Amino acid sequence: MRVGIAGGGVAGTMLAWRLLRSVPRIAVDLYTTRSADGDATSASGGLVRGFERTAPECLPAARSLAELRGDPALRTASDYREVGAVYLLPAGAEVTEPVRVLEEVLPGSATLLTGPELAGRYPFRGLPTGVTAVVERHAGYLSPAGLRAAVLGWLTDRGGTVRRLPVTTVGPGPALRLADGTTAGYDAVVLAAGAWTPALLAASGLPADGMRVKQIQYTVYEGRPARLGAFVWEDTGMWGRPAGDAGFLLGLPSDRWDVDPSCPRPGAALAERVAEEARRLLGHPPAAHCPHRTTASSDCYHDPPGLELREAGPGVFTFTGGSGGAAKTVVAASRVAAAALVR
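The sections below set out a description of the structure shown in this document. Fair warning: this is a prediction, and the values are worked out from it, not measured in the lab.

Here the focus is the overall build of the chain. For the chain, the count of helices and strands is ten helices and 19 strands. Against the 2.2 N^0.38 benchmark of 20 Å for 343 residues, the chain shows a C-alpha radius of gyration of 20 Å, consistent with a compact globule. Within the chain, the proportion of its 343 residues that are buried is 55%. Summarising the internal contacts of the chain: among those between residues at least 6 apart in sequence, 71% fall at separations of at least 24. Accessible area of the chain: about 14,500 Å², with a carbon and sulfur share of 52%. Each charge sign in the chain was given a centre, from 35 positive and 33 negative side chains, and these centres are 4 Å apart.

Here it is in structure tokens:
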């Protein structure tokens, strides 16, 4: 079997590695379709936790984190930092099933806290009445770029081919048409080009059903809120984690859709709103603190969200749509995608 994968982000590289590890006599060519500078893998905040709001979403996240924690090579390659995570939920949120899944996969990791318990343990302020939280001991953040770099080396060690040549379109066969004018035929091709995937599908005359490109952005400030690792506040979408030796990374969802992934531009208004919301929630950053840096990139969002293998045509598949959260699931999702592809 011969498989061509277009996309040099963490999703494509992990899928290529899974195929080479699990399938005898398979040939895998990975095409790094764009510069890694500024792509979602290099810009990702890398939050990893097991909890998600529904059991089907929770399962791949929990399994991904469990494998990451249990595999010393993956843990080291990704520079995984276990700082814990707090997921703040609005009043009345029902989490029985996802917490049950989390307990099965990562026993003893999760605890449910009420508002008063949260206030006594963490620096959150002004939370609405009835807020609860899922607190995970086994959670934190990693470096998707570091994991990608390591996996690229593992690929070549296992006989995979990495070609630093952009793919322009997908042809029948299936085949990948390359920027140098040549065409390479395969038994299956996978488009794992992240934010460039919808445009690549369109150029190939294939539907990009449910896929759109959205800007992602966060700002790093000096200093940290006391006693806090990674967190998500569902009510506003705010999220954060420690950064470097003494910084803290903060972000909010962007409303900029259908952006050009080749030239990300940080939005000043969003950066200011992040600071305002964080001061209300955490008292951080202090008003006198200027941002250390603001990072912008873009990712492929899919409705419904989720990093998974999707058929786009005869012998043609996509592996994207993590909607800004692929770091949480890529370890498990790549295993599932590899098994589905060879079936």
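On we go from here.
Let us now look at the pairing of strand β17 (residues 293-302). Of all ten residues in β17, eight are buried; the element is thus mostly enclosed. Bridge count between strand β13 (residues 211-222) and β17: ten bridges; the pairing is antiparallel. The residue bridging Val-220 from the neighbouring strand is Arg-293, located in β17.

In this section: the sheet that holds strand β9 (residues 167-171). Here three strands make up an open sheet; going across it, the order is β9-β10-β11 and the pairing antiparallel. Pairing within the sheet leaves two strands with one partner each, and these edge strands are β9 and β11 (183-185). Recorded for the sheet is a direction-independent mean angle of 25° between the axes of neighbouring strands. Pairing between β9 and strand β10 (residues 175-178): four bridges, direction antiparallel.

It is worth spelling out the pattern of salt bridges at this point. Across all of its chains, the model carries 14 salt bridges by this definition. A salt bridge links Arg-18 to Glu-67; the shortest N-O distance between them is 3.0 Å. Here Glu-67 lies in helix α3 (residues 55-70) and Arg-18 lies in helix α1 (residues 10-22), a separation of 49 residues in the sequence. Like Glu-67, Arg-18 is buried. Here Asp-258 ties to Arg-212 by a salt bridge, and the two come within 2.8 Å at their closest N and O atoms. Of this pair, Asp-258 sits in the loop between β16 (247-251) and α9 (268-282) while Arg-212 sits in strand β13; the two residues are 46 residues apart in sequence, bridging distant segments of the chain. The exposure class of Arg-212 is partly exposed, given its relative accessible area of 38%.

Okay, the nonpolar core next. Membership of the largest hydrophobic core comes to 62 residues, with the highest contact counts inside it found for Ile-5, Met-14, Leu-19, Val-190 and Phe-319. Once you skip the residues sitting within four places of it in the chain, Met-14 turns out to touch Leu-74, Leu-147, Val-151, Val-330, Val-331 and Ser-334. Ranked by size, the runner-up nonpolar core spans 23 residues in total, among them Val-135, Tyr-221, Trp-233 and Phe-248.

Our focus in this paragraph is the environment of Glu-234. Residue position: Glu-234 is located in the loop between β14 (230-233) and β15 (238-243). Glu-234 gets classed as partly exposed once you look at its relative accessible area, which sits at 25%. Once the C-alpha coordinates of Glu-234 and Arg-53 are considered, the two residues, 181 residues apart in sequence, prove to be 9.8 Å apart. Each residue touching Glu-234, except ones within four places of it in the same chain, is listed here: Arg-53, Tyr-87, Leu-88, Leu-89 and Pro-90.

This part covers α3. Given 3.6 residues per helical turn, the α-helix brings residues three or four places apart onto the same face. Compared with an ideal rise of 1.5 Å per residue, which puts 16 residues at 22 Å, α3 spans 22 Å between its outermost C-alpha atoms and is within 8% of the ideal. Buried residues along α3 sit against α1, β3 (47-48), α4 (72-77), α5 (96-105) and α10 (326-342).

Reading the values: the criteria
Residues numbered from 1 in each chain as written. Predicted model: local features only at pLDDT ≥ 70, side-chain atom pairs only at ≥ 80, totals over all residues. Heavy atoms only, no water. Helix = DSSP H or I, 4+ residues; strand = E, 2+ residues; numbered from the N terminus. Rg over C-alpha atoms; globule rule 2.2 N^0.38 Å. Buried < 20%, exposed > 50% of the residue type's maximum accessible area, 1.4 Å probe, protein only. Contact = heavy atoms within 4.5 Å. Areas by Shrake-Rupley, 256 points an atom, 1.4 Å probe, with all protein chains shown as cover. Lys, Arg positive; Asp, Glu negative; His and termini not counted. Charge placed at Lys NZ, Arg CZ, Asp CG, Glu CD. Pairing = 2+ DSSP bridges. Axes fitted to C-alpha atoms, helices over the stretch in contact; angles between N-to-C directions. Salt bridge = Lys/Arg side-chain N within 4 Å of Asp/Glu carboxyl O. Core = buried A, V, L, I, M, F, W, Y, C linked by side-chain atoms within 4.5 Å. Expected span 1.5 Å × (residues − 1).

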